[in-house]
Amino acid sequence: MRFIPWGVRSVVAILSALYFAAHAESVTYNAQVGDEARLSTVDIVSVEGQPCVSLKKLLADLGGQLRVNENTVQVSLRNYSAKMTIGDTTVWAAKEFTMQQPPRIFENDIFVAVGDVTALFVYAFNVDIKTGQPDQPGAPSLPSGRKLCVVIDAGHGGADPGASGQGAITEKDIARAIATQVAKLIGQVCQPKFTRSEDESLSTEKRVGIANGSPKGDVLLSVHVGTSNSKTANGFEFFCPLGSSDATAAKSLALARSMSNAMSESTGLMPRGVRQVPCRIFTGLQMPGVLVEVGFITNPTEEQLIANPEHQQKLAQGIANGIIAYATGKTQ
Ligand SMILES: [Zn+2]
C-alpha cells in the first residue's frame, strides 16, 4: 500500500505488535471424537482480561459447527448440540451446566475461557479432551497456570461419628485430622477445597454437590477408616469408581495408584491395593474420585496407630505426595 501517512503506519505497527504479543501462547488439545482422535492447536487470546480460545477454530479442528444469531451461540458436534448466550455462563445441552466464564464475542469470533474448554466438550458433546500431546492416560487435563482443584472430603462428622474401635477416638476425628494435613501439604501445587472443615454432619449428596459446585473440583478425595469383623485386618486401601474405558474411571485409578505408592513409601507399610467399587460418594460426582481407608479402626494395634498424630502426618504426607505426582503428571 502506498501513501500511508506515517502516523497510521505506526499505529498499524503497534496494533500488530499487540496482536502478536496476545497470540504468543497457544494450547494444543487432544480430543477423542467418537472413534477419531483429533488435534487442535489454538492461540490463547486475552479477551476482557481472561485467557480465552477461539471456539470457531476449536470446533473446525474437531469437526463441529458454530452458529451465531445475535446473542445466541449454537454449537454442534457429533450428534450433540448446545446453546449458549453471550455474557451468560449457562450452557444448555443434554445436561445443563455452568461455565466459570461466559462466552465472549471478539473479532467476529466466539471465545471461551481456557479453563472452561474441557468441561464444555465433556459435558456438552461427551468428547474427552485433554491439553498437550501426546497425553499420558490418567494425567490431568489442565490449562497451564491453573492449579488442580482437589476436593478433600473428611468422612462423617457432627452427629455421625463413623466407625470406632476400643478407644474414644472415632472415624470422623481421624478423617478430619488427616484431611486438614493433606490440604496444608498440597497447598503449594493444588487448590484444596473442603466439603467440611468443621465437625459437622453432611449427607453424601451434599458432599457431592459441594464437589461439583463452583469452584468445581478436578478430583475428589474422601478420607475414611476401615472396619472388619476380623481384628487382625490391617493396612490402607483405596477405592475408585467402576469402569475400564471411560476417562473418569481411568483418572481415578491413576490417582489412587499414585497415592497408594506414595503412602507405602511415607509409612513403610504394605498397601492393600486399589479396588474399583461403587461407593456412594461417586454417585453423581462429575470428576475422578478416590476414597481412602487409612487403616482398620477395628484392629486394636492399628487403631492406636491411626489415632497417633505422628502416623496421621505420615499418612497425610503419602496422600499429598500421591496427589502432587498426579497433578504434575509424574505418576508411573
Ligand atoms: Zn466411613
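This one's a predicted model, so the numbers in the text were calculated from it and none came from an experiment.

Engineer: With reference to specific residues and values, describe the overall build of the protein.
Structural biologist: For the protein, the count of helices and strands is eight helices and 18 strands. Within the protein, residue pairs in contact and separated by at least 24 positions form 65% of the contacts whose partners lie at least 6 positions apart.

Engineer: A description of the nonpolar core should follow, citing residues and the corresponding values.
Structural biologist: In this structure, Ile178, Val182, Leu221, Met259, Val292, Ile319 and Ile323 are the most contacted members of the largest nonpolar core, which totals 55 residues. The residues touching Met259, leaving out its near neighbours within four places in the chain, are Phe238, Val290, Val292, Gly318, Ile319, Gly322 and Ile323.

Engineer: Can you explain helix 3 (residues 117-125)? Please cite residues and give values.
Structural biologist: Counting buried positions along helix 3 gives seven out of nine residues, so the element sits mostly inside the fold. All of the buried residues along helix 3 are Val117, Thr118, Leu120, Phe121, Tyr123, Ala124 and Phe125. Directly after helix 3, the chain includes Asn126, whose backbone phi takes a positive value near 55°.

Engineer: Describe the environment of Met99, with residues and values.
Structural biologist: Residue placement: Met99 occurs in the loop between strand 9 (97-98) and strand 10 (104-106). Expressed as a C-alpha distance, the spacing of Met99 and Ala119, which sit 20 residues apart in the sequence, is 7.6 Å. Residues contacting Met99, with those up to four places away along its chain left out, are Thr89, Val91, Val112, Asp116, Ala119 and Leu120.

Engineer: Can you explain the packing of helix 6 (residues 247-267) against helix 8 (residues 309-327)? Please cite residues and give values.
Structural biologist: Close contact between helix 6 and helix 8 brings their axes to 7 Å; oriented N to C, the two are set at 140°. Put simply, helix 6 runs oblique to helix 8. The handedness of the crossing between helix 6 and helix 8 is right-handed. On the side of helix 6, the interface is formed by Ala254, Leu255, Ser258, Met259, Asn261, Ala262, Met263, Glu265, Ser266 and Thr267, while helix 8 contributes Lys314, Leu315, Gln317, Gly318, Ile319, Asn321, Gly322, Ile323, Ala325 and Tyr326. For the contact of helix 6 with helix 8, the class distribution of residues is ten nonpolar, eight polar and two charged.

Engineer: Can you lay out the pairing of strand 16 (residues 237-240) for me, pointing to particular residues and giving the numbers?
Structural biologist: Covered by surrounding structure in strand 16 are Glu237 and Phe239 together with Phe238 and Cys240, the residues of both alternating faces. Of the pairings in the sheet, the one linking strand 16 to strand 18 (residues 289-296) comprises three bridges and is antiparallel in character. Each bridged residue has a counterpart across the sheet, and for Phe239 the counterpart in strand 18 is Leu291.

Engineer: I'd love a proper account of the environment of Thr85, names of residues and values included.
Structural biologist: Topologically, Thr85 is positioned in strand 7 (residues 80-85). Each C-alpha atom of the pair Thr85 and Asn71 lies 5.6 Å from the other, and the pair is 14 residues apart in sequence.

Parameters at a glance
- Residues numbered from 1 in each chain as written.
- Predicted model: local features only at pLDDT ≥ 70, side-chain atom pairs only at ≥ 80, totals over all residues.
- Helix = DSSP H or I, 4+ residues; strand = E, 2+ residues; numbered from the N terminus.
- Contact = placed C-beta atoms within 7 Å.
- Core = buried A, V, L, I, M, F, W, Y, C linked by C-beta atoms within 7 Å.
- Buried ≥ 20, exposed ≤ 12 C-beta atoms within 10 Å, placed from the backbone.
- Axes fitted to C-alpha atoms, helices over the stretch in contact; angles between N-to-C directions.
- Parallel < 35°, antiparallel > 145°, perpendicular 65-115°, else oblique.
- Left-handed = near helix turned anticlockwise from the far one by under 90°.
- Nonpolar A, V, L, I, M, F, W, Y, C, P; charged D, E, K, R; others polar.
- Pairing = 2+ DSSP bridges.

That is the geometry; function is a separate question.
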